[in-house]
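Listed here are the chains, written in short residue letters.
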Amino acid sequence: MDIMLFHSTYGPRPAVEAAAERLRAAGHQVHVPDLFEGRTADTVEEGMAIKEEIGKDELLRRAILAAAPYSERGLVYAGFSFGASVAQTLALGDDKARGLLLLHGTSDIAENATADDLPVQLHLADPDPFESHDWLTSWYLGMGKAGADVEVYRYPGAGHLFTDPDLPDWDEAAAEQTWTIALAFLESLQEG
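In this text, all values refer to a predicted model and were calculated from it rather than measured experimentally. (Residues numbered from 1 in each chain as written. Predicted model: local features only at pLDDT ≥ 70, side-chain atom pairs only at ≥ 80, totals over all residues. Heavy atoms only, no water.)

Turning our attention to a negative patch on the surface. Residues D116, D117, D149 and E151 make up a contiguous surface patch of negative charge. Tracing the backbone through its elements, the reader meets D117 in the loop between β4 (99-103) and β5 (119-126). With a relative accessible area of 64%, D117 lands in the exposed category. (Patch = residues over 30% accessible without salt bridge, like charges linked within 9 Å, V, L, I, M, F, W, Y side chains within 5 Å. Areas by Shrake-Rupley, 256 points an atom, 1.4 Å probe, with all protein chains shown as cover. Salt bridge = Lys/Arg side-chain N within 4 Å of Asp/Glu carboxyl O. Lys, Arg positive; Asp, Glu negative; His and termini not counted. Charge placed at Lys NZ, Arg CZ, Asp CG, Glu CD. Helix = DSSP H or I, 4+ residues; strand = E, 2+ residues; numbered from the N terminus. Buried < 20%, exposed > 50% of the residue type's maximum accessible area, 1.4 Å probe, protein only.)

Here's what the structure looks like:
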């Protein structure tokens, strides 16, 4: 399975490469584009500043260029927080997408978006400071309207980026549960 894995606003930190290695160990080909061109952030605020400086359109252009050489094969798009929103945007625009794995984030859904039976799995802290319950209800309904097949997993008491062991949000139990469920999801996509 080819997976396009997008980093969070912290940039291409060690946890992103560690996640990619975990996925590779499970037999997947994983591509990890660096949308920040080598820059990383120590805080959410620094990451947001980098994101704003580059600009949404340029970040999306970089993501599309990174995915383009592989999209004919039928990619699974995945990402962390901001990277999840990028992954969602690309998956909904790619009729060959095989799946969407969202870790810690979602994105707006265009009114005319279509995702015919696209398998989607979302993992989030509960509560999550960036993904309110009202927003998630609206997102879930929007994804269903677009035709996606959505599973949502919530982790009570975990921090926003709970899969990153180098951040204060780290929650080992929630992270391990996430990876167990996510790897089974990816395995099911190979069988389908």
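A few words on the pattern of salt bridges. Scanning all chains against the criterion turns up 12 salt bridges. Residue D164 is joined to R13 by a salt bridge in which the shortest nitrogen-to-oxygen separation is 3.1 Å. Of the two residues, D164 sits in the loop between β6 (149-156) and α6 (172-191) while R13 sits in the loop between β1 (2-6) and α1 (14-25), which places them 151 residues apart along the sequence. The two residues D164 and R13 agree in class, both being buried. Across the pair R24 and E17 runs a salt bridge whose closest N-O atoms are separated by 2.7 Å. The class of R24 is partly exposed, set by a relative accessible area of 28%. On the accessibility criterion, E17 (35% relative accessible area) is partly exposed. Several salt bridges share partner residues, and in doing so they unite E37, E58, R61 and R62 into one network.

This paragraph deals with a nonpolar patch on the surface. Together, Y140, L141 and V152 make up an exposed nonpolar region whose accessible area comes to about 280 Å². Examined against the element boundaries, V152 turns out to sit in strand β6.

Two elements in contact, helix α3 (residues 56-67) and helix α4 (residues 82-92), have axes whose closest approach is 11 Å; the angle formed by their N-to-C orientations is 65 degrees. The handedness of the crossing between α3 and α4 comes out as right-handed. Contacts from L59, L60, A63, I64 and A67 of α3 reach α4 at F82, V86, T89 and L90. The residue makeup of the contact of α3 with α4, split by class, is eight nonpolar, one polar and no charged. (Axes fitted to C-alpha atoms, helices over the stretch in contact; angles between N-to-C directions. Left-handed = near helix turned anticlockwise from the far one by under 90°. Contact = heavy atoms within 4.5 Å. Nonpolar A, V, L, I, M, F, W, Y, C, P; charged D, E, K, R; others polar.)

Inspection of every chain in the model, using the stated rule, returns two aromatic pairs. Ring centres of F36 and F82 lie 6.0 Å apart, and the angle between their planes is 25 degrees; this geometry places the pair in the stacked category. Highlighted residues: F36 in the loop between β2 (29-31) and α2 (44-54) and F82 in helix α4, separated in sequence by 46 residues. For the pair shown, F36 and F82 are each scored as buried. Measuring from ring centre to ring centre gives 4.9 Å for Y155 and F162, while their planes differ by 50 degrees; the resulting arrangement is tilted. Comparing Y155 with F162 shows no difference in burial state: the two are buried. (Phe/Tyr/Trp six-rings, centres within 6.5 Å; stacked < 30°, edge-to-face > 60°.)

This paragraph deals with unusual backbone geometry. For the bond from D126 to P127, the omega torsion is 0 degrees, close enough to zero to count as cis. Of note, P127 is situated in the loop between β5 and α5 (133-146). Backbone geometry at E37 places phi at a positive 50 degrees, although glycine is not the residue there. Here E37 lies in the loop between β2 and α2. Look at H104: it is not a glycine, yet its phi comes out positive at around 75 degrees. Assignment of secondary structure puts H104 in the loop between β4 and β5. When its relative accessible area of 1% is taken as the criterion, H104 is described as buried.

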